[in-house]
Amino acid sequence: PMISANGVSFTFPENQWAAANGLPVDRNYNKLAAAIAEVGSAADVYEENVESLSFRNAFAIVGFSFDETLTDVKKVTLVGNNGEILNGTYDIASDAKVSLTSNGKTMANLVYDSGASFTPKYKYYMVIAPTTFSKGFNLYLTLADGTQLVKSSPVKEYVFGANTVNDLKVLTKSEFVSPFS
């Protein structure tokens with residue numbers, strides 16, 4: 001993160017590295033979470049001798065796990081059906097408002113940097129910009145043999161807001177189809 005006159009500048013990469021039961025990391029193994037302290041101003045903190053701060057996440061978290069029918073998943077990709085921007089470089093203002101400044105990407109990928117497959121029953125998370133999927137979204141799985149599977153949400157509006165975990169629950173192979181069918 002970089003601190004600027006506008007707040008904090010933070011880059012969420014298109015590719016995130018999975019951590020079982022934890023938040024994903026970037027290439028430098030930094031946890032991907034942009035927690036913002038909720039205070040009025042630095043003067044308020046100084047004058048009131050604030051001893052503790054409350055934090056909230058300025059981004060949305062997407063959570064899921066796999067059942068035992070999905071033991072060979074190598075990559076998970078989330079894509080909105082209406083070109084929604086899910087990651088890039090953002091300024092996070094002191095009021096925790098998030099605004100894209102550059103490199104907006106329309107997909108988020110979660111992989112293990114070691115090339116390992118996801119382990120069933122562990123919880124996995126990816127971090128995305130707060131967004132409204134106005135026409136739903138697709139979740140793609142890439143398997144060890146290169147096969148791709150897709151699960152499409154119903155075509156409706158989904159709000160993935162800041163400071164929320166959007167739980168997609170336990171994913172099973174029977175929920176997915178070939179994107180070419």
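Residues numbered from 1 in each chain as written. Predicted model: local features only at pLDDT ≥ 70, side-chain atom pairs only at ≥ 80, totals over all residues. Heavy atoms only, no water.

A.B. asks: Any details on the nonpolar core? Residues and values, ideally.
C.D. replies: Counting 28 residues, the largest nonpolar core has Phe-64, Phe-66, Val-76, Leu-78, Phe-118, Ile-128 and Phe-160 as the members making the most contacts within it. Secondary structure elements with two or more residues in this core: strand 7 (60-66), strand 8 (73-80), strand 11 (107-111), strand 12 (123-128), strand 14 (137-143), strand 16 (158-160) and strand 17 (165-171). Discounting chain neighbours no more than four positions away, the residues touching Ile-128 are Phe-59, Ala-60, Val-62, Leu-78, Leu-86, Ala-108, Phe-133 and Phe-160. In this structure, Phe-10, Ile-61, Ile-92 and Val-127 belong to the second largest nonpolar core, which totals 10 residues. (Core = buried A, V, L, I, M, F, W, Y, C linked by side-chain atoms within 4.5 Å. Buried < 20%, exposed > 50% of the residue type's maximum accessible area, 1.4 Å probe, protein only. Helix = DSSP H or I, 4+ residues; strand = E, 2+ residues; numbered from the N terminus. Contact = heavy atoms within 4.5 Å.)

A.B. asks: Could you give an account of unusual backbone geometry, with specific residues and numbers?
C.D. replies: Negative phi is the rule for most residues except glycine; trans is the rule for most peptide bonds. With phi around 55°, Asn-103 is a residue other than glycine that occupies positive phi space. Checked against the element boundaries, Asn-103 lands in strand 10 (residues 98-105).

A.B. asks: If you had to explain the environment of Phe-133 to someone new, which residues and values would you point to?
C.D. replies: Along the chain, the position of Phe-133 falls in strand 13 (residues 131-133). Counting along the chain gives 27 residues from Phe-133 to Phe-160, while the straight-line C-alpha distance between them is 7.7 Å. Setting aside anything within four residues of it in sequence, one finds Phe-133 in contact with Leu-78, Gly-80, Glu-84, Leu-86, Ile-128, Lys-156, Glu-157, Tyr-158 and Phe-160.

A.B. asks: For the sheet that holds strand 17, give the residues involved together with the corresponding values.
C.D. replies: Spatial ordering of the open sheet is given by 12-7-17, a layout of 3 strands whose pairing is mixed. Of all the strands in the sheet, just strand 12 and strand 17 have a single pairing partner and so form its edges. For this sheet, the mean inter-axis angle between neighbouring strands, taken without regard to orientation, is 20°. With 6 bridges connecting them, strand 7 and strand 12 associate as antiparallel partners. Residue pairing for strand 12: Val-62 is matched across the bridge by Met-126. (Pairing = 2+ DSSP bridges. Axes fitted to C-alpha atoms, helices over the stretch in contact; angles between N-to-C directions.)

A.B. asks: Run through the sheet that holds strand 11, naming residues and quoting values.
C.D. replies: With respect to topology, 6 strands assemble into an open sheet ordered 4-3-11-8-14-15, the strand pairing being mixed. Strands with a single pairing partner mark the edges of an open sheet, and in this sheet they are strand 4 (22-25) and strand 15 (148-152). Between one strand axis and the next, the sheet turns through 25° on average, direction left out of account. In terms of strand pairing, strand 8 meets strand 11 through 5 bridges, oriented antiparallel. Directly across from Thr-77, in strand 11, lies its bridge partner Asn-109.

A.B. asks: Can you tell me about the environment of Asn-103, naming the residues and giving the values?
C.D. replies: Accessibility expressed as a relative area gives 55% for Asn-103, which makes it exposed. Taking the C-alpha atoms as reference, Asn-103 lies 9.6 Å from Phe-12; in sequence the two are 91 residues apart. Residues in contact with Asn-103, not counting those within four places in the same chain, are Asn-87, Gly-88 and Thr-89. Among the polar contacts made by the side chain of Asn-103, one reaches the side chain of Ser-102 at a distance of 3.5 Å. (Polar contact = N/O pair within 3.5 Å; in protein donor to acceptor, adjacent residues only side chain to side chain.)

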